[in-house]
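# Results of the structural survey
Residues per chain are reported as follows:
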Amino acid sequence: MRYMLIHTADPDVAAEWDEDENWASFSSWVEETVRSGVSLQGSRLRPTADATTVKIRDGELIITDGPYAETKEQVAGYDVLECASLDEAVQWAGRHPHSWLGSIEVRALPDSAPAVPLPAPGEGKIRYMMLVCTDPAVDPREFARVEPVDPWVAETNGRGVRLYGSELEPPGSARTVRVRDSRTIVTDGPFAETKEQIAGFDVLECADLDEAIEVARRHPMARLGILEVRPFWPFGED
Amino acid sequence: MGEAPAAATATSVVGTVVADAFRQEWGRITAALIHQTGDWDLAEDCAQDAFTQALRRWPRDGVPNRPGAWLMTVARNGAIDRLRRSSTYRAKVEELAVMATRQTGTDHPEPGADDSGVPDERLRLIFTCCHPALAMEARVALTLRTLTGLSTAEIGRAFLVPEATMAKRLVRAKHKIANARIPYRVPPASALPQRVPGVLAALYLVFNEGYAASAGDDLIRRDLCDRAVALTQVLAELLPAEPEAKGLLALMLFHRARQAARVNDRGDLVTLEDQDRTRWDQAQIGVARRHLEAALAGQRPGQYQIQAAIAGCHAAAPTAQATDWPRIARLYQHLADMTGSPVVELNRAVAVAMTDGPAAGLALLQRLEAGGALAGYYLLPATRADFLRRLGRNTEAASAYEEAAALAGTGPERRFLNARLAEVRSQHT
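All of these numbers come straight from a predicted model, not from anything done at the bench.

## Considerations on the pairing of strand 3 (residues 52-57) of chain A
All names here are of chain A. The element strand 3 is largely enclosed, with a buried count of five among its six residues. The sheet contact formed by strand 3 and strand 4 (residues 60-65) spans six bridges and is antiparallel. In the strand pairing of strand 4, Thr 52 is matched with Asp 65. Here strand 3 folds back onto strand 4, and the loop between the two strands holds two residues, one of which, Asp 58, carries a positive phi near 50 degrees. Two elements, strand 3 and strand 12 (residues 225-231), share three bridges in a ladder whose sense is antiparallel.

Written out as structure tokens, the structure is:
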């Protein structure tokens, strides 16, 4: 089974930790997951200040500065792991530094989502995480009328703009892992009790933000949900 | 005596020349340098250095024949020097050097180039500063800083924000442009209808902040108006096919033409009705009218063109009584249909009251109040108070004026409402 680990950072907690120590934990985590064949892909993401949300309401494109929801803990990165069980994914999450810098939400990917490791970035391109989120202002019954996403997936895959992506199992089946005072605390449900919830994600590779917005606006969920577009933050970049 | 005063005079004359050049050239220089280097801070620093050098050297060496070209060259050389010192930017230095050789000795400036011989990149800069992925307050601050050269402290003062907060806002916006890779370009024609309104909204916000005088000192506010007008002029020139840009320019000019008559000697606000119309700037009204006509010839009406047409109706009336209120009411109806804005509905109620009497206006107002969209907006009770006063319902008018005065922000508006309140109270018994 595949699982998405959504890393979040709590600014208050993160400030107390030593950066070198975290870096060492992070490096050994990556090394181990790769060696064990568990890790499929992952990246750090730029802070929420660099996020942009896209939605269409009454036929009008609405572009906003900032993340899909204002939460104390903020999405800071992700990994996709191949694990035998949810418990195994939760165990890996508990060893990742973000479990003590904030939290890690573990969400299963449906069986249909094939696993794809990301190729090296294209020349002059920038990668974005597109979080597909629900909008509490939209009547859930409307979702019955959402257009199928397949044509969008086929078209963006074909152009090499979409590298990977998947729906996520509903937030109710999520586990959130936090380590506090050396104790691992696992709770049911997503990392934040917001009305907006992450329902899926897509990894995009574009020339610039305008292209990413253009791709996002054509996603069927633009009309019913909120699409957050956030740049990847490769290590070694300021 | 002798030389010292003459030198001082020369310095102050040059100071004026530099100040003029600053207004005209700052945005061009930063826009060109950002285009070449991709580095916003470097562009601002080098532009600043060029003007500092001009202040030092022009009094001694004389003002160059082409001040814009001189400033651009100095700024660009400064950029090359700075980039040379940081080895990682070798490629950019080469690019700049190529650009420098292309510029020197050319007697045939490129299309769209001014006397500096550099193509006008300001449109790119305007669209980047006003990108929809930036918060509106960031767009406004960034536009004022990079395109007009207003300092961080001055922008802070204009928007009543501490300098440190404004500095943080600017840094954050520049980081987002770099990190999220907001492109430095004019959007393709197909995207213009979607992107131009965001730019116009930012410019209009700057103008209104200066014009509405919600608080703060007068000088910087008047300056904000002038800068907004200048930028809109640039936009209207560089986007000749966008009638709304001309419409907004006309709207700003109609308003600015009335500026001298809006406040009396005591600093009190004077309503349109009571303004001394001989103090309106007729030359500016004429320019506004030409821009509006050019915009309307495009046959693509929009909200700024309609608002300008309304302002034009007021400007055309020799006396308040001669105002073409039925036409204004019709224009507000168009505008309301287009925008669905409750503020527009409020203005329509005023025009209807002038056409069909205050009772008709009051009926529209009651519908608006029931909607609740304008709760807490002082002009809503202020308008109701005015209608009631004209209907002779002084007791109700008095309480509406009280309500409005409590909501109104600044000195002039509140003083005006209190004066009216005293007036209806005195007639009330």
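Back to the text.
## Notes on the nonpolar core
Counting 152 residues, the largest nonpolar core has B:Leu71, B:Leu235 and B:Phe254 as its most contacted members. Apart from residues lying up to four places away in sequence, B:Phe254 is in contact with B:Ile285, B:Ala288, B:Arg289, B:Leu292, B:Ala308, B:Ala311, B:Gly312 and B:Ala315. Within the second largest apolar cluster, 24 residues are counted, among which are A:Ile6, A:Ala69, A:Tyr78 and A:Leu131.

## Topic: the side chain of A:Asp10
Residue and element names in this part refer to chain A. Its location among the elements puts Asp 10 in the loop between strand 1 (2-9) and helix 1 (11-14). At 3.2 Å, the side chain of Asp 10 forms a polar contact with the side chain of Lys 72. Residues within four places of Asp 10 in sequence aside, it is in contact with Lys 72, Glu 73, Leu 101 and Gly 102.

## Looking at the sheet that holds strand 1 of chain A
All names here are of chain A. The antiparallel open sheet is built from six strands, whose spatial order is 2-5-1-6-9-10. This sheet does not close on itself; its edge strands, each paired only once, are strand 2 (39-44) and strand 10 (183-188). Going from strand to strand, the sheet's axes swing by 20 degrees on average, the running direction of each strand aside. Inspection of the sheet shows strand 9 (residues 175-180) paired to strand 10 by six bridges, in the antiparallel sense. Note that in strand 10 the partner of Arg 175 across the bridge is Asp 188.

## Some remarks on unusual backbone geometry
Residues and elements named next belong to chain A. Phi is positive for Ser 182, which is not a glycine, with a value near 65 degrees. Position of Ser 182 relative to the elements: it lies in the loop between strand 9 and strand 10. Looking at Ser 182, the relative accessible area reads 74%, which means it is exposed.

## Structural notes on helix 5 (residues 122-129) of chain B
With seven of eight residues buried, helix 5 of chain B is to be regarded as a mostly interior element. Those residues of helix 5 of chain B not exposed but buried are B:Arg122, B:Leu123, B:Leu125, B:Ile126, B:Phe127, B:Thr128 and B:Cys129.

## Some points on the pairing of strand 5 (residues 74-82) of chain A
Residue and element names in this part refer to chain A. The element strand 5 is largely enclosed, with a buried count of seven among its nine residues. Bridging between strand 1 and strand 5 involves eight bridges; their strand directions are antiparallel. In the strand pairing of strand 5, Met 4 is matched with Val 80. Inspection of the sheet shows strand 2 paired to strand 5 by five bridges, in the antiparallel sense. The partner of Gln 41 across the bridge, within strand 5, is Val 80.

## Remarks on the interface of chain A and chain B
Taken together, the contact between chain A and chain B spans 21 residues of the former and 16 residues of the latter. Taken together, both faces of the contact between chain A and chain B bury some 1,400 Å²; the carbon and sulfur share is 44%. The three residues of chain A that bury the most area against chain B are A:Asp50, A:Asp65 and A:Asp210, which together make up 36% of that side's buried surface. Viewed at the interface, chain B and chain A are joined by five salt bridges. Salt-bridge contacts for B:Arg195 lead to A:Asp210; the nearest nitrogen and oxygen are separated by 3.8 Å. Secondary structure elements with two or more residues in the side of chain A that touches chain B: strand 4, strand 7 (126-134) and helix 6 (209-217) of chain A. The residue inventory of the side of chain A that touches chain B, partitioned by class, reads ten nonpolar, four polar and seven charged.

## So, the pattern of salt bridges
Tallying each qualifying case throughout the model produces 48 salt bridges over all chains. Of the charged contacts, one joins A:Arg218 and A:Glu155 as a salt bridge, the two residues approaching to 3.1 Å between their closest N and O atoms. Placement of A:Arg218 in the loop between helix 6 and strand 12 and of A:Glu155 in helix 5 (residues 150-158) is noted, with a sequence separation of 63 residues between them. Exposure remark for A:Arg218: the relative accessible area of 38% places this residue in the partly exposed category. The partner of B:Arg169 in a salt bridge is B:Glu137, with the nearest N and O atoms 3.7 Å apart. With a gap of 32 residues between them, B:Arg169 in helix 8 (residues 163-179) and B:Glu137 in helix 6 (residues 136-148) connect regions that are remote in the sequence. A relative accessible area of 46% means that B:Glu137 is categorised as partly exposed. Through salt bridges with shared partners, a single ionic network connects B:Asp274, B:Asp386, B:Arg389, B:Arg390, B:Arg420 and B:Glu423.

Thresholds, definitions, all that
Residues numbered from 1 in each chain as written. Chains lettered and ligands numbered in written order. Predicted model: local features only at pLDDT ≥ 70, side-chain atom pairs only at ≥ 80, totals over all residues. Heavy atoms only, no water. Buried < 20%, exposed > 50% of the residue type's maximum accessible area, 1.4 Å probe, protein only. Helix = DSSP H or I, 4+ residues; strand = E, 2+ residues; numbered from the N terminus. Pairing = 2+ DSSP bridges. Core = buried A, V, L, I, M, F, W, Y, C linked by side-chain atoms within 4.5 Å. Contact = heavy atoms within 4.5 Å. Polar contact = N/O pair within 3.5 Å; in protein donor to acceptor, adjacent residues only side chain to side chain. Axes fitted to C-alpha atoms, helices over the stretch in contact; angles between N-to-C directions. Buried area = accessible area lost by both parts, 1.4 Å probe. Salt bridge = Lys/Arg side-chain N within 4 Å of Asp/Glu carboxyl O. Nonpolar A, V, L, I, M, F, W, Y, C, P; charged D, E, K, R; others polar.

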